[in-house]
Amino acid sequence: MRPAVALRWVLRELRGAGRRLLLFVLCLSVGVAAVTAVSGLASGVDGALRGRARELLAADVAVEARRPLPAALETASRGLRVQRTDVLETTTVVAVPPREGAPGPSRLAEVKVVGPGYPWYGTVRVSPPRGLQGLLGPERAVVAPELLTGLKLRLGERLRVGGAEFEVAGTVLEEPDRRSVSLSLAPRVFLSPEGLARARLLALGSRVTHRALFRLPEGSGPVSATRLAAALKRAAGPLYEVETYVEAQPAVREGLRRAERFLGLVALLSLLVGGVGVSQTVRAWLAGRLDAIAVLRSLGFSGGEAVGLHLVQVAVLAAAGCAVGALCGIGVQALAPLVLGDLLPAGALRLWQPAAVGRGVGLGLAVSALFCLGPLAAVRRVPPVRVLRRDAEPLPAPRGTGALTLATMLGGVVVVAWVQGTSWRLAGAFVAVVLAASLALAGAARVLVWGAVRLPLTRARLTVRQGLLALARPGAGTLGAMVALGLGVLVVFTMTVVQDQLARGLERDLPGSSPTAFLADVQPDQVEGLRGLLAREGARDVRTVPFVVARLRSVDGRTVEDLAKEKAKEGRDSWALAREQRLSFQAALPASNRLVAGRWWWGEPGDEVSVEEEFARGMGARIGSHLEFDVQGVPVSLRVTSLRHVEWRTFDINFFLLVEPGRLEQAPHVFVATALFPRGAEQRIQDQVVAVYPNVTAVRVGEVLEKVAGVIRRIGLAVRVLGGFTAAAGLAILAGAIGAAAARRGREVALLKTLGMTRGGVVAAYAVEYGVLGMVAGLLGGAFGTLLSWVVLTRFLDLGFTLPLGTLLAAVLAGTLLTVASGLAASVPALAMRPMEVLRSE
């Protein structure tokens, strides 16, 4: 057959397909829209990071660590004609100076100290617009606008930072190298190096991040940046993080890739559900075209040619569905800022993303091809004799053909999942979970159909009896609709429960004795005074614990530099080696700790250390290992005699390293304190503490949890929106099943009306049918979602789990109502048919 003839025949067939094949487009477009939206947003964020790489780093090369930067950096960069400026970040509590003898309001703040030249790239937008360096000075600071609002300050007024007061000279509106605005726990305060010296913020035990920013000569490219980074890495050693603008925020981009994989698989689920709808629609369409296919075979078409004609028709419909889905995906991207807000970096929203559109269209075409294999294969087996004998059914498939088709489809789904998740293991796990849930839902659908025809319904109302029996009618689509709707409810329900219990679980699971505030950087001569102040203000359960700041030198004779190099070669993180170590000395095992190996303080006193089990694994230490530390220039050797499991969620004072008393008491040390503030008095007590002890940093647990919970809620909402696409695909499948049986349903409605049932009675019977289907799908999806939520929360996140009965009831109710509404909407043409029209056609 010539291509022109085939195309003309396909177009003629499509004109007569009508509303039935429109559902084919709808099922496919929903999934393509979800895939396109996720891929487009991820590509947009990645492109924004790459396009503004120098601005986001504020340099060509940066060196960062939680320890002072080595002098060797200056030597390594000498002669390379580079410029350098240093940035220091720490956290403290700032306050309004006392007024009329009463302490002013205070607030936790992130202090950023910038040297001359900062930033090398990008702009710090400030108000008034005099430039950051023009506003800063030894006695002037620039702050975030929200800090002024929170403290009720105005420009020109005084702000107390550490041990000094500063004039608020301006506000910072935009900062190029701010890594994450949404996850920041506190507003910014900018100081100059001279201002930092006045504030006296840096003391023993202070948590400080040091960064050196390097700028290459004008016109230097990626090769020069990579060469400079290599020289700095050699000079600094493996314990310092060296990053170039070429890498474009590797940590942020790795997190983005993980999020894209997860969200991409959630979006793929809606596409696979849409594939089920495509398969059902094509199967129903071909079932109504058996006579036409037999005519084609009688006119000389071979089985392969008949399959080819219908394959072209399916391809045209799939292309239309993918095009509609891609346009909808672009529209979803435009609405993303309403859900994600400032989680998206500037410049991330680029609606036209050819790669994202290509991914969505490509996966849509692949899924439609996979799910149409079975129905299209049946075209080949339609006998020409059906033209003469209407009861001649398609020939049975050869033995093994069905298994081969199923294996091909499953293999193709795994490949599609790999494309979306970029991991064979992840793709296999995803397909296994989806297949298990689908089989369970399909089994439930079979049981529902079996029970509908066997229940004793003789005394039930006619509408109830008719609605239940309709679940088992030929072409009812109960199986496909149950699987699709159940999967949609499962995704939405799981993410709702996980997000809700994760956002509230930490705070809800806190014991009543858990502290409400941490007070850090408490000097030894301030401990008694601080305890007295807190007692006078009504704080309870005040606890102070000393610790010594140290550097790890070696583990079992191997230097941390060598260990870090080894971990880098293996692709493992060396954070346990590179961090600033805090060694606390305590006689008794803390209540939130549990020994998992070894014994607690035994043998001769003085050289034992207990290590948290995960931290020990990161260090490469075990029972009997010897750890050597540098404590303010003095070498200290300790022997690991026990490993501990720590319940971090109690928010008690806990340390990775606990040293036996008697060894470190004479070393310079500081204290960390916890206290339980009276409800409603948190801010007042914090103001009092900062007014008397400006170096003490108070962190209120509630504020931290609320900040994290807010981000979790927004991310959870985004995932639930994607899960909604899966539910929408399920509703489209239900509508498709109803539309495919429109003629049969029309005759059924006419018969019921002829027998005396009113239109309202028919609607009630349909509502029972769709309501039972939606209720069971919602119940099963919620049940599987509850199980999956329990696994995620208890096994992966180590949190408590509360049976979400209210959420489960809402899922069942929502599934029922949406299914009834969708089913009745799709049944309108059948309900509108008049009995006389049907009887005349017969």
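Predicted, not measured: the structure shown is a model, and the values here were computed from it. (Residues numbered from 1 in each chain as written. Predicted model: local features only at pLDDT ≥ 70, side-chain atom pairs only at ≥ 80, totals over all residues. Heavy atoms only, no water.)

### Topic: the overall build of the protein
Then, in step 1: Broken down by element type, the protein carries 28 helices and 21 strands.
Then, in step 2: Residues counted as buried form 50% of the 842 residues belonging to the protein.
Then, in step 3: Pairs at least 24 residues apart make up 81% of the contacts formed inside the protein by residues separated by at least 6 positions.
Then, in step 4: By element, 61% of the accessible surface of the protein is carried by carbon and sulfur atoms, the whole surface being about 38000 Å². (Helix = DSSP H or I, 4+ residues; strand = E, 2+ residues; numbered from the N terminus. Buried < 20%, exposed > 50% of the residue type's maximum accessible area, 1.4 Å probe, protein only. Contact = heavy atoms within 4.5 Å. Areas by Shrake-Rupley, 256 points an atom, 1.4 Å probe, with all protein chains shown as cover.)

### Remarks on empty space enclosed by the protein
Then, in step 1: Scanning the entire structure with this criterion turns up 3 cavities of 30 Å³ or more.
Then, in step 2: Put simply, the largest cavity is a space of about 40 Å³.
Then, in step 3: As for the largest cavity, its lining consists of Thr90, Thr91, Thr92, Leu201, Leu202, Ser206, Asp521, Asn695 and Thr697.
Then, in step 4: Here the element with the most residues in the lining of the largest cavity is strand β2 (residues 83-95); it accounts for 3 residues.
Then, in step 5: Of the residues assigned to the lining of the largest cavity, the class counts are 2 nonpolar, 6 polar and 1 charged. (1 Å grid on protein atoms, 1.4 Å probe; cavity = no way out; pocket = protein on both sides within 12 Å on 5 of 7 lines; lining within 4 Å. Points joined across faces, edges and corners; volume = space filled by probe spheres on them. Nonpolar A, V, L, I, M, F, W, Y, C, P; charged D, E, K, R; others polar.)

### Focus on a nonpolar patch on the surface
Then, in step 1: On the surface, Leu406, Leu410, Leu435 and Leu439 cluster together into a nonpolar patch covering about 340 Å² of accessible area.
Then, in step 2: Within the residue set of the nonpolar patch, elements represented by two or more residues are α14 (401-421) and α15 (424-452).
Then, in step 3: Topologically, leucine 439 is positioned in helix α15. (Patch = residues over 30% accessible without salt bridge, like charges linked within 9 Å, V, L, I, M, F, W, Y side chains within 5 Å. Salt bridge = Lys/Arg side-chain N within 4 Å of Asp/Glu carboxyl O.)

### Here's the deal with the side chain of serine 554
Then, in step 1: In this fold, serine 554 is placed in strand β12 (residues 540-555).
Then, in step 2: A residue is classified by how much of its surface remains accessible, and serine 554, at 8% relative accessible area, is buried.
Then, in step 3: Every residue in contact with serine 554, bar those within four places of it in the chain, is listed here: Thr559, Val560, His626, Leu627 and Glu628.

### Looking at the packing of aromatic side chains
Then, in step 1: Scanning the model with the defined rule gives 4 aromatic pairs in all.
Then, in step 2: Relative to phenylalanine 655, the ring of phenylalanine 547 lies with its centre 5.9 Å away and its plane at 45 degrees, an arrangement referred to as tilted. On the criterion of sequence distance, the pair formed by phenylalanine 547 in strand β12 and phenylalanine 655 in the loop between β18 (634-646) and β19 (657-659) is long-range, its members being 108 residues apart.
Then, in step 3: Judged by its relative accessible area of 5%, phenylalanine 547 falls in the buried class.
Then, in step 4: Over the face of the ring belonging to phenylalanine 166 we find arginine 198, whose NZ or CZ atom lies 4.8 Å from the ring centre.
Then, in step 5: Here the guanidinium or amino end of arginine 215 rests over the ring plane of tyrosine 121, the centre of that ring lying 5.2 Å away. (Phe/Tyr/Trp six-rings, centres within 6.5 Å; stacked < 30°, edge-to-face > 60°. Lys NZ or Arg CZ within 6 Å of the ring centre and 35° of its normal.)

### Observations regarding the pairing of β12
Then, in step 1: In the sheet, β12 pairs with strand β20 (residues 670-676) via 6 bridges, with the strands oriented antiparallel. Bridging from a neighbouring strand, threonine 544 pairs with alanine 673 of β20.
Then, in step 2: The sheet contact formed by β12 and strand β14 (residues 581-585) spans 4 bridges and is antiparallel. Of the residues in β14, the one forming a bridge with valine 548 is leucine 583.
Then, in step 3: Alignment of β12 against strand β17 (residues 626-631), held across 4 bridges, turns out to be antiparallel. Its bridge partner lying in β17, leucine 552 is registered against phenylalanine 629.
Then, in step 4: Judged from the 2 bridges that link them, β12 and strand β13 (residues 558-559) form a sheet pairing that is antiparallel. (Pairing = 2+ DSSP bridges.)

### A short note on the nonpolar core
Then, in step 1: Ranked by internal contacts, the top residues of the largest apolar core, which has 68 residues, are Tyr118, Leu132, Val611, Met619, Leu627 and Phe629.
Then, in step 2: Per-element accounting of this core gives the leading share, 5 residues, to helix α8 (residues 222-236).
Then, in step 3: When near neighbours in sequence (up to four residues on either side) are disregarded, methionine 619 contacts Leu552, Val555, Leu563, Ala576, Leu577, Val611 and Leu627.
Then, in step 4: Judged by nonpolar contacts, the second largest core, of 51 residues, contains Trp285, Cys322, Phe371 and Ala484. (Core = buried A, V, L, I, M, F, W, Y, C linked by side-chain atoms within 4.5 Å.)

### Here's the deal with the pattern of salt bridges
Then, in step 1: The tally for this structure, following the rule as stated, stands at 21 salt bridges.
Then, in step 2: Linking arginine 211 and glutamate 89 is a salt bridge whose minimum nitrogen-to-oxygen distance equals 3.7 Å. Of this pair, arginine 211 sits in strand β9 (residues 208-215) while glutamate 89 sits in strand β2, and the two are 122 residues apart along the sequence.
Then, in step 3: Put simply, aspartate 607 and arginine 639 hold a salt bridge, and the shortest N to O gap is 3.8 Å. Taken together, the residues span a long stretch of sequence, with aspartate 607 in the loop between β15 (593-598) and β16 (608-612) and arginine 639 in strand β18 at a distance of 32 residues.
Then, in step 4: What you see here is one network of salt bridges that share partners, running through Glu89, Glu110, Lys112, Glu175, Arg188 and Arg211.

### Quick look at the environment of phenylalanine 677
Then, in step 1: Looking at the element boundaries, phenylalanine 677 is found in the loop between β20 and α22 (682-692).
Then, in step 2: Apart from residues no more than four positions distant in its own chain, phenylalanine 677 is found in contact with Thr516, Ala517, Leu534, Ala539, Glu682 and Ile685.

### Here we look at helix α19 (residues 560-569)
Then, in step 1: All buried positions along α19 are accounted for by Val560, Leu563, Ala564 and Lys567. Projection of α19 onto a plane perpendicular to its axis shows the buried side chains occupying an angular sector of 100 degrees, all on one side.
Then, in step 2: The inward-facing, buried residues of α19 abut β12, β13, α20 (575-578) and α21 (613-619). (Arc of directions from axis to C-beta.)

### A word on unusual backbone geometry
Then, in step 1: Note the cis peptide between tyrosine 118 and proline 119, where omega equals -10 degrees.
Then, in step 2: Position of proline 119 among the secondary structure elements: in the loop between β3 (106-114) and β4 (125-127).
Then, in step 3: A cis amide bond, omega 0 degrees, links serine 127 with the succeeding residue proline 128.
Then, in step 4: Relative to the helices and strands, proline 128 is located in the loop between β4 and α5 (132-135).

### Some words on the packing of helix α18 (residues 527-536) against α22
Then, in step 1: In contact at an axis separation of 10 Å, α18 and α22 are set at 150 degrees when each is read in the N-to-C sense. One way to sum up the angle between α18 and α22 is to call them roughly antiparallel. The element α18 and its partner α22 pack so that their crossing is right-handed. Of the residues in α22, those in contact with Leu530, Leu533 and Leu534 of α18 are Ile685, Gln688, Val689 and Val692. (Axes fitted to C-alpha atoms, helices over the stretch in contact; angles between N-to-C directions. Parallel < 35°, antiparallel > 145°, perpendicular 65-115°, else oblique. Left-handed = near helix turned anticlockwise from the far one by under 90°.)

### Focus on the environment of glutamine 280
Then, in step 1: Topologically, glutamine 280 is positioned in helix α9 (residues 250-287).
Then, in step 2: Overall, glutamine 280 belongs to the partly exposed group, its relative accessible area being 26%.
Then, in step 3: Taking C-alpha positions, glutamine 280 is 8.8 Å from cysteine 372, a pair spaced 92 residues apart along the chain.

### Quick look at the confidence of the model for the protein
Then, in step 1: Averaged over every residue, the pLDDT of the protein is 78; residues scoring 70 or more account for 79%.
Then, in step 2: Ranking the elements of the protein by mean pLDDT puts helix α28 (residues 835-841) last with 61 and strand β5 (residues 140-143) first with 94. (pLDDT = per-residue confidence, 0-100.)

### Focus: the side chain of serine 610
Then, in step 1: For serine 610, the location among the structural elements is in strand β16.
Then, in step 2: The exposure class assigned to serine 610 is buried, which follows from its relative accessible area of 0%.
Then, in step 3: Engagement of the side chain of serine 610 in a polar contact is seen with the side chain of serine 642, the distance being 2.8 Å. (Polar contact = N/O pair within 3.5 Å; in protein donor to acceptor, adjacent residues only side chain to side chain.)

### Here we look at the environment of serine 822
Then, in step 1: Position of serine 822 relative to the elements: it lies in helix α26 (residues 805-826).
Then, in step 2: The buried category is assigned to serine 822, whose relative accessible area is 16%.
Then, in step 3: When the C-alpha atoms of serine 822 and tyrosine 770 are compared, they prove to be 8.6 Å apart, with 52 residues separating the residues in sequence.

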